[in-house]
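# Working through the structure, step by step
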Amino acid sequence: MDIFVPQDMAAVAVGANQVADAIIAEARRRNIMVRVIRNGSRGMFWLEPLVEIATPAGRVGYADVRAEDVPSLFDAGFAEGKPCGNHLGLVENIPYFAKQTRFVFKRAGLIDPLSLDDYRAHGGWRGLENALSAGPSAIVAAVKASGLRGRGGAGFPTGIKWETVARAEAAQKYIVCNADEGDSGTFADRLIMEADPFALIEGMVIAGIGVGATRGYIYLRSEYPFAITMMNRAIALARTAGMLGSSINGSHHAFELEVRVGAGAYVCGEETALLDSLEGKRGQVRAKPPLPAIKGLFGQPTVINNTISLASVPFILAEGASAFADVGYGRSRGTMPVQLAGNIRHGGLFEAAFGLTLGALVDEIGGGTQTGRPVRAVQAGGPLGAYFPPSMFDTPYDYEAFAKCDGLIGHGGLVVFDDSVDMARMARFAMAFCAHESCGKCTPCRIGAVRGVETFDKLLAGIDVSQNLALIEDLCETMKFGSLCALGGFTPYPVLSAMRHFPEDFVPAPLRHAAE
Amino acid sequence: MPDTTRFDERMTQRLRNIIVQFQHIEGAMLPLLHEIQSAFGYVPREAEPEIALALNLTRAEVHGVISFYHDYRREPAGRHVLKLCRAEACQSMGSEAQAKAVLDHLGLNWGETSADGRITIEAVYCLGLCATAPSALFDDQPIGRINASRLVALAEAAA
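Residue positions are counted from 1 within each chain, in the order its sequence is given. Chain labels run from A onward and ligand labels from 1 onward, assigned in the order the entries are written. For this predicted model, a pLDDT threshold of at least 70 governs which residues receive local features, and a threshold of 80 or more governs which side-chain atom pairs are given and counted, while totals over whole chains, interfaces and linings are taken from all residues. Calculated side-chain values reflect all of the structure's heavy atoms, with hydrogen atoms and water omitted.

The next point concerns the overall build of chain B. When you go through chain B residue by residue, the secondary structure sums to 7 helices and 4 strands. When its helices and strands are written in sequence order, chain B yields α-α-α-α-β-α-α-β-β-β-α. Dimensions of chain B along its principal axes, counting C-alpha atoms only, are 50 × 30 × 25 Å. Taken over 159 residues, chain B has a buried fraction of 55%. Pairs at least 24 residues apart make up 61% of the contacts formed inside chain B by residues separated by at least 6 positions. A total accessible area of about 7200 Å² is found for chain B, and carbon and sulfur atoms account for 50% of it. A run of DSSP states H or I qualifies as a helix once it reaches four residues; a run of E qualifies as a strand once it reaches two. Both are numbered from the N-terminal end. Only protein chains enter the accessibility calculation, which uses a 1.4 Å probe; a residue is then buried when its area is under 20% of its type maximum, exposed when over 50%, and partly exposed in between. When checking whether two residues touch, look at their non-hydrogen atoms; a contact exists if any pair is within 4.5 Å. For every accessible area listed, the method is Shrake-Rupley and the probe measures 1.4 Å; residues are considered covered only by the protein chains on display.

Those residues of helix 4 (residues 59-68) of chain B lying buried are V62, G64, V65, I66 and F68 of chain B. Summarising the contacts, the buried residues of helix 4 of chain B are in contact with helix 2 (29-40) and helix 3 (47-55) of chain B.

All names here are of chain A. Between its first and last C-alpha, helix 13 (residues 307-319) extends 19 Å over 13 residues, near the 18 Å set by a 1.5 Å rise per residue. Most of helix 13 sits out of view: 12 of its 13 residues are buried. Burial in helix 13 covers these residues: T307, I308, S309, L310, A311, S312, V313, P314, F315, I316, L317 and A318. What qualifies as a polar contact is a pair of N or O atoms within 3.5 Å, subject to a donor-acceptor requirement within protein and to the restriction that residues adjacent in sequence count only when both atoms come from side chains. At the N-terminal end of helix 13, a side-chain oxygen is found 2.8 Å from the backbone nitrogen of I308, two or three residues along, and the residue is N306. Looking one or two residues past helix 13, G320 carries a phi angle of roughly 100 degrees, positive in sign. Working rule for helices: expected span equals 1.5 Å times residues minus one.

We now examine the state of the cysteines. Note: disulfide means a covalent bond formed between the sulfur atoms of two cysteine side chains. All names here are of chain A. A pair of sulfur atoms, both from cysteines and within 2.5 Å, is called a disulfide here. Under the counting rule described, the total for this entry stands at 0 disulfides over all chains. The thiol of C439 is unpaired, and the distance to the nearest cysteine sulfur, on C485, comes to 6.3 Å. Take C485: its relative accessible area is 14%, and that puts it in the buried class.

Taken together, the contacts link 61 residues of chain A with 38 residues of chain B. Each of two parts loses accessible area, computed with a 1.4 Å probe, when they are put together; buried area is these two losses added. Both faces considered, chain A and chain B share a buried interface measuring about 3700 Å² in area, 59% of it formed by carbon and sulfur atoms. Among the residues chain A hides against chain B, the three largest losses belong to A263, R282 and F429 of chain A. Together they make up 15% of the total. Salt bridges are defined by distance alone: a side-chain nitrogen of Lys or Arg within 4 Å of a carboxyl oxygen of Asp or Glu. Counting every contact that joins chain A to chain B gives 1 salt bridge.

For the rest of this paragraph, the subject is the nonpolar core. Counting residues in each nonpolar core, the largest one holds 160 residues, and the members touching the most others are W162, I201, I218 and L220 of chain A together with I51 and Y69 of chain B. The element best represented in this core is helix 10 (residues 197-211) of chain A, accounting for 10 residues. In contact with I201 of chain A, not counting residues within four places along its chain, are M231, A234, I235, A238, L244 and L257 of chain A. Residue types Ala, Val, Leu, Ile, Met, Phe, Trp, Tyr and Cys, when buried and joined through side-chain atoms within 4.5 Å, form a set referred to as a nonpolar core. If you look at the next biggest cluster of nonpolar residues, it comprises 34 residues, including F350, L361, L408 and I409 of chain A.

On to unusual backbone geometry. All names here are of chain A. Residue K288 is joined to P289 through a cis peptide bond whose omega torsion reads -5 degrees. Relative to the helices and strands, P289 resides in the loop between helix 12 (271-278) and strand 9 (302-306). For the bond running from P289 to P290, omega is 0 degrees, close enough to zero to count as cis. With respect to the element layout, P290 can be found in the loop between helix 12 and strand 9. Positioned with a positive phi, D406 is a non-glycine residue whose angle comes to about 55 degrees. Structurally, D406 can be placed in the loop between helix 16 (399-404) and strand 16 (413-418). Under the relative-accessibility criterion, D406 is labelled partly exposed at 35%.

Attention now goes to the domain arrangement of chain B. Start and end positions for the domains come from either an automated domain assignment or a database one. What the domain assignment lists for chain B is domain 1 (9-68) and domain 2 (80-157). Here domain 1 of chain B and domain 2 of chain B have C-alpha centroids that lie 30 Å from each other.

Residue and element names in this part refer to chain A. If you trace the backbone, Y96 turns up in helix 4 (residues 95-98). Judged by relative accessible area, Y96 falls into the buried class, the value being 6%. Along the chain, Y96 and I365 lie 269 residues apart, while their C-alpha atoms are 6.6 Å from each other. If near-sequence neighbours (up to four positions away) are discounted, Y96 is found in contact with M44, W46, L340, H346, G347, G348, L349, F350 and I365.

What follows is the structure in structure tokens.
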């Protein structure tokens, strides 16, 4: 009998290892033969630890299982999938799951992440096989035709990047995966690496063949120790299976892949800072041009893509570009793994075609706040993304629609806050975070963020409030247009959106008390 | 806690052995620094000239890299390290108040180590556990849905 207990970092953080141990011990005590498979998470984190039992009808789930409940669950027939505990029925019928369009995350939580057999049995390597028979130019054409845009936040067409690198002449080209997922409220990269690591490897190999690159690096943040271990083990297994190395799947194409661990600098998620960091330098942003596609890692033509962009490629090559491009909204094609986070009832990953409204994601799918209080603000797109009030919940989830509202979808994170949030503190935090993480290369970001924090402190103490508000607006303008990269350039988004949509929070505390 | 005042011959040899393993790989600096920190618990100042020599850099360049990244310690941490997430998703679930309770209980500020060398409390900006917030990392163990009393108990139990 197969019992699935996720080994995902978030599941382990809420007790999955103890649950797995308890199940093994209890089964042994009762002389029941069970095989405990440590799958990745399905991404429904509010249900974790989510234990699944394989039954003839399909996989039956139990939510929020505690180690101490395991003996009584066995008594009640949990090992046969009978209703007991927090019985969920068939996992794939849970509305949150059933409503998704899982292109990129189709295997996440379903398989043993390190089983090559599972991977192949669930459609793995089909994209690579098609890529090998189609050849480099057809690979690039397929990625272009899919309409895939960079999932890291910038939304640049992936196929155009690939085409530029493919055309560049160089003895050595590189594929770099940006797995420096530092945005609060995001975990899609972590989830795919922990739940389906071969998908990322397959995507990177296809990219290598497409553009003529034979070396790849995954720049993975140190805050993700589970993903680091998982990717390293998956790379070793893929090598033994002939999917990495000097002859990919028996072809004349070679590709070597290595994980490089970051060192706690948020700014290294910016692609040129990441490249400098990979080269062993301070992670400082480079001026563009030259683009990384022309002069990237070690000065060589480099494809640098987000983890989810690369992990989307096997689907595109396996199912065809149109299967991907056929879903979506406007110029945002394919699916986006939206990450519902923070103070939300149904927190987790929700992969769907672009175009759902922000309100549908937060209220209908996310179920509103976890605390049960009214939603007051949603920060979309990480620490550099705007705060949206519920009055803007009709905004469709789409790159252009969000940009039109002075916001961004970024890497797909949505962090929900209830009505206890102090938006002036959140605006100050945005400046403080920028000051903490600035690489120091350009003045608007390095000095501006520090001045921003100082000005907020004055404002919040009730000193020259209107002048200081005007000063912050002016400072944001300078940072937005004068910074070298998105760190300084986008910090104004959370600051200005908080000021615009929640002006009542920017009245200094003594006056606020007087008004109440 | 390792004695940082004496960087003896044996430690120098250990350092050189690590450098030799890494110096010829592409972009050796970060993997090398991670390995040194994992071996010594911090990146000793004595490593700077050795790395500079091996990688054909100036000492200033090496120092510049080490000081740039939040991960590299210039002195050993406590026997246990508790990292508390301070990013927005955790803030939305009350992480700041919980962190304050733990810090006050231990009489520490962010980044400080208890006088007995038992525990260091550090800030981290996102562990990717944002749907089971607030989150923490105790040594290598992730902890989700934390509350202040559990954190205090954990800090107290750390030997």
